[in-house]
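Single-letter residue listing:
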Amino acid sequence: MTKSFFCSVLIILGAALIESTILSNLYILPVIPDLVLIASVYISLLNGRTYGQLTGFVSGLTLDFITGVPFGLNCIFRTLVGYVYGLFADHIVISGLVIPVLTVSTATILKTILIWVISLFYTAINPVSIISFDFLIELLFNVVLAPFVFKFLSFFKRTINIHPERTSLND
């Protein structure tokens, strides 16, 4: 389990670095796709709710250090998203095209709703409206990238899976 946790952290860290260094400097993108969210959803669906919470928290902590948002904002909602998608670990087969698109699209919507709810209590946060152009573009980017990121992460499935007996189920 320790080896799979550290491999998951390295994947999350790599996604955060790609997101914050490469994608944030592409001026043709109006918003940045959330690769960390996509990777967290995949790892949560693969390993369950406890591991999903842990992965969500680590990914949020990583993004809190990298970005300039108030400390703990990413930790709160990414931990919740990791827990929610970890609940479905025993019921969803990750392979294919439909499941990555559905899970990542609902995770992006859930992320926006959670940030909006948190912004009600903390006024320094400027939430994105769910009917805004920026949200729709981020949703489109995440949905398009989800099958590719899920397929890429499936190459590391044996390394990041804490339940080796379920690997054949999700193939």
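Scope of this entry: the structure provided in the associated data block. (Residues numbered from 1 in each chain as written. Predicted model: local features only at pLDDT ≥ 70, side-chain atom pairs only at ≥ 80, totals over all residues. Heavy atoms only, no water.)

**What about the side chain of Arg78?**
Moving on, step 1. Note that Arg78 resides in helix H4 (residues 73-86).
Moving on, step 2. With residues up to four places along the chain from it excluded, the contact list for Arg78 reads Asp34, Val36, Leu37, Gly56, Ser59, Gly60 and Leu63. (Helix = DSSP H or I, 4+ residues; strand = E, 2+ residues; numbered from the N terminus. Contact = heavy atoms within 4.5 Å.)

**Examining the packing of helix H2 (residues 35-47) against helix H3 (residues 49-66)**
Helix packing geometry: the angle between the two helix axes and the distance between the axes.
Moving on, step 1. Following both chains from N to C, one finds H2 and H3 inclined at 160 degrees, their axes separated by 7 Å at the closest point. Comparing the axis directions of H2 and H3 gives the class roughly antiparallel. Viewed along their axes, H2 and H3 form a crossing whose handedness is right-handed. Contacts between H2 and H3 involve Val36, Ser40, Ile43, Ser44 and Asn47 from the former and Arg49, Tyr51, Gly52, Thr55, Ser59 and Leu63 from the latter.
Moving on, step 2. Taken together, the residues of the contact of H2 with H3 sort by class into four nonpolar, six polar and one charged. (Axes fitted to C-alpha atoms, helices over the stretch in contact; angles between N-to-C directions. Parallel < 35°, antiparallel > 145°, perpendicular 65-115°, else oblique. Left-handed = near helix turned anticlockwise from the far one by under 90°. Nonpolar A, V, L, I, M, F, W, Y, C, P; charged D, E, K, R; others polar.)

**What about the nonpolar core?**
Moving on, step 1. In this structure, Val41, Tyr42, Leu45, Val81 and Phe150 are the most contacted members of the largest nonpolar core, which totals 34 residues.
Moving on, step 2. Considering every element that reaches this core, the biggest residue donor is H2, with ten residues.
Moving on, step 3. The contact partners of Val81, leaving out residues within four places of it in the chain, are Leu37, Val41, Ala107, Leu110 and Leu114. (Core = buried A, V, L, I, M, F, W, Y, C linked by side-chain atoms within 4.5 Å. Buried < 20%, exposed > 50% of the residue type's maximum accessible area, 1.4 Å probe, protein only.)

**Brief notes about the side chain of Glu19**
Moving on, step 1. By the secondary structure assignment, Glu19 is in helix H1 (residues 2-22).
Moving on, step 2. Of the side chains with opposite charge, Arg78 lies nearest to the buried Glu19, which makes no salt bridge, at 5.1 Å.
Moving on, step 3. In this view, Glu19 contacts Ser24, Ile32, Pro33, Asp34, Leu35, Val36 and Leu63; residues no more than four positions away in its chain are not counted. (Lys, Arg positive; Asp, Glu negative; His and termini not counted. Salt bridge = Lys/Arg side-chain N within 4 Å of Asp/Glu carboxyl O.)

**Concerning the packing of H1 against H3**
Moving on, step 1. For the pair H1 and H3, interaxial distance at closest approach is 10 Å and the crossing angle is 35 degrees. By crossing handedness, the relation of H1 to H3 is classed as right-handed. Across from Ser4, Phe5, Ser8, Val9, Ile12, Leu13, Ala16, Leu17, Glu19 and Ser20 in H1, the residues of H3 making contact are Tyr51, Leu54, Thr55, Val58, Ser59, Thr62, Leu63 and Ile66.
Moving on, step 2. Grouping the amino acids of the contact of H1 with H3 by side-chain chemistry returns eleven nonpolar, six polar and one charged.

**What to know about the pattern of salt bridges**
Moving on, step 1. Taken as a whole, this structure holds three salt bridges when the rule is applied.
Moving on, step 2. One salt bridge in this structure joins Arg78 and Asp34, with 2.9 Å as the shortest N-O distance. One end of the pair, Arg78, is in helix H4; the other, Asp34, is in the loop between H1 and H2, and 44 residues separate them in sequence. In this structure, Arg78 and Asp34 share a single accessibility class: buried.
Moving on, step 3. Its salt-bridge partner being Lys111, residue Glu138 comes within 2.6 Å of it at the nearest N-O pair. Taken together, the residues Glu138 in helix H6 (residues 133-154) and Lys111 in helix H5 (residues 98-121) connect sequence positions 27 residues apart.

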